[in-house]
Amino acid sequence: MLAKRSLTLVLAVLLATLFVGTLAFAEETRRDISLEEALNVALENSLAIKQAQLKVREAEFNFKQVEAASIMRPSPTLRLQAQSGLDLAKQDLRLAEDDLALAVETDFYSVLKAENLLQVVEESLASAKRHEEVASKKLAAGTVTKLDVIKAARNVLNAQANLTQARHGRDLALMKFRQTLGIALDANVYPASSAFSIEPIQLNLEDDLAFALENRMEIQQLQLALEVAEKNVELSDNDYTAALTLEQAKINLEKAKLQYQQAKDGLNLEIRQSYLAVMDAQERIGVLAKGVEEAQETLRLSELSYEADMITSNEVQDAQVAVTSAKTEHINAAFDYNLAKARYFRAVAVALRPDVQE
């Protein structure tokens, strides 16, 4: 009987160990998520979103209280203020969601940018090693000096150091991305591997501007504040309200008008700046892509020329640096372009337009 119990205990321990091992494997499995999935994760975990949601619930409760109190003591002003408070709380929630979406998209692209830059450095290291190998063979053949080999070896070490730095940059970008998603910094979650979108897009600035000036959350908030201020002036303009109260209401109305106009002017400038940023990045991408093509061909010819003893080692190394620089600039431009598009779409409130797809 004791032996049977011991066997049962051993089997239980083995099963438990297998189960824990299975869980550990599941936790270590890499998960690549799309931008849309990343946003959903962030929305679910964001403390700022949860706070904004609580404010909406609080505003709804306050509105119900005012409605209940109005049964016995009607007050149009209090009801209007409660309704405005609820509307503003809902808009604050949508603004928080909008801000989070931009943060997620920025960090998503930052990781992709870091991974692309890491790949460039890896290619640079491979090129440096090829050159070192050729230089060593030429030294053995007596066609170059030992200095050529030393320089080639130094370039390899420099590329290895750059690779370490690029990996650290990628890891930091990943941690920031996971932090924005509200998950563990060491979670095995990555942005889905994909190239940056560098396809040109057509934007209708005037149409987008007109829509944004009517529908951006900040504008609607100030529009509501303006309506409340106008209503307060209307309700205070009677024989039963003190003159000072009416005067204060008129001052508040003028302040609301100024704030409203100032916000529209600021938004106008923000959208136009975002539009120019998109157009500028879009123009640069094409030029820089040709630059990469030119630098790669120059490097190819330089390597062949060096093997044929037609150029020096320094010229090959210069060509390697030029390729790395050209690719880096192109990746940075692609990142700038995608980020500029994200900021423009946010500025023109594209999320509120079901007829427009980003």
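Along every chain, residues carry numbers that run from 1 in the direction the sequence is written. This being a predicted model, a pLDDT of at least 70 is required before a residue's local features are given, and a value of 80 or more before pairs of side-chain atoms are given or counted; all residues contribute to the totals for chains, interfaces and linings. Only hydrogens and water are removed before side-chain values are computed, so all heavy atoms of the structure are retained for them.

Enquirer: Which residues make up the pattern of salt bridges, and what are the values?
Expert: Should a side-chain nitrogen of Lys or Arg be within 4 Å of a carboxyl oxygen of Asp or Glu, the pair is scored as a salt bridge. All chains considered together, the criterion is met by 19 salt bridges. The salt bridge partner of Arg 272 is Glu 206, with a shortest N-O separation of 3.6 Å. Of this pair, Arg 272 sits in helix α8 (residues 243–307) while Glu 206 sits in helix α6 (residues 205–215), placing them 66 residues apart in sequence. For each residue, the accessible area found with a 1.4 Å probe, counting protein chains only, is set against the maximum for its type, and the residue is called buried under 20%, exposed over 50%, and partly exposed in between. Since its relative accessible area comes to 49%, Glu 206 is described here as partly exposed. A helix here means a DSSP run of H or I that spans at least four residues, while a strand means a run of E at least two residues long, and both kinds are numbered starting from the N terminus.

Enquirer: For the packing of aromatic side chains, give the residues involved together with the corresponding values.
Expert: Stacked, tilted and edge-to-face are the three classes assigned to paired rings of Phe, Tyr and Trp, where Trp is represented by its six-membered ring and a pair needs centres within 6.5 Å; plane angles under 30 degrees give stacked, over 60 edge-to-face, the rest tilted. In this structure the tally under the stated criterion is four aromatic pairs. Plain terms: the ring middles of Phe 108 and Tyr 109 are 6.0 Å apart, the flat faces sit at 85° to each other, and that makes the pair edge-to-face. One exposure class covers both Phe 108 and Tyr 109, and it is buried. Judged by centre distance (6.0 Å) and plane angle (70°), the rings of Phe 108 and Phe 177 are edge-to-face. One end of the pair, Phe 108, is in helix α4 (residues 76–141); the other, Phe 177, is in helix α5 (residues 146–181), and 69 residues separate them in sequence. An identical accessibility class is assigned to Phe 108 and Phe 177; each is buried. Cluster of aromatic residues (ring-pair linked, three or more members): Phe 108, Tyr 109 and Phe 177. Above the ring of Tyr 190, the side-chain terminus of Arg 178 is found at 5.0 Å from the ring centroid. In our convention, an over-ring charge means Lys NZ or Arg CZ found within 6 Å of a ring centre and within 35 degrees of that ring's normal.

Enquirer: I'd like a description of the packing of α8 against helix α9 (residues 313–347), backed by residues and values.
Expert: In contact at an axis separation of 7 Å, α8 and α9 are set at 160° when each is read in the N-to-C sense. On the basis of the axis angle, α8 is roughly antiparallel to α9. As for how α8 packs across α9, the hand of that crossing is left-handed. Structural elements are reduced to axes, namely lines fitted to C-alpha atoms, with helices fitted over the stretch in contact, and the angle between N-to-C directions of any two is expressed from 0 to 180 degrees. If an angle is under 35 degrees, it is roughly parallel; if it is over 145, roughly antiparallel; if it lies from 65 to 115, roughly perpendicular; otherwise it is oblique. A clockwise turn of the near helix away from the far one marks a right-handed crossing, whereas an anticlockwise turn of less than a right angle marks a left-handed crossing.

Enquirer: Go over the packing of α5 against α9 with me, naming the residues and quoting the values.
Expert: Where α5 contacts α9, the two axes come as close as 10 Å, and the packing angle between them is 15°. Compared by their axis directions, α5 and α9 come out roughly parallel. When you trace α5 past α9, the crossing you get is right-handed. For the pair formed by α5 and α9, the contact residues are Asp 148, Lys 151, Ala 152 and Asn 155 on the first element and Ser 313, Asn 314 and Gln 317 on the second. Residue type decides the class: Asp, Glu, Lys and Arg count as charged, Ala, Val, Leu, Ile, Met, Phe, Trp, Tyr, Cys and Pro as nonpolar, and the leftover types, Gly among them, as polar. Of the residues assigned to the contact of α5 with α9, the class counts are one nonpolar, four polar and two charged. By the convention used here, residues are in contact when the closest approach between their heavy atoms is within 4.5 Å.

Spatial relationships are all this shows, so hold off on functional conclusions.
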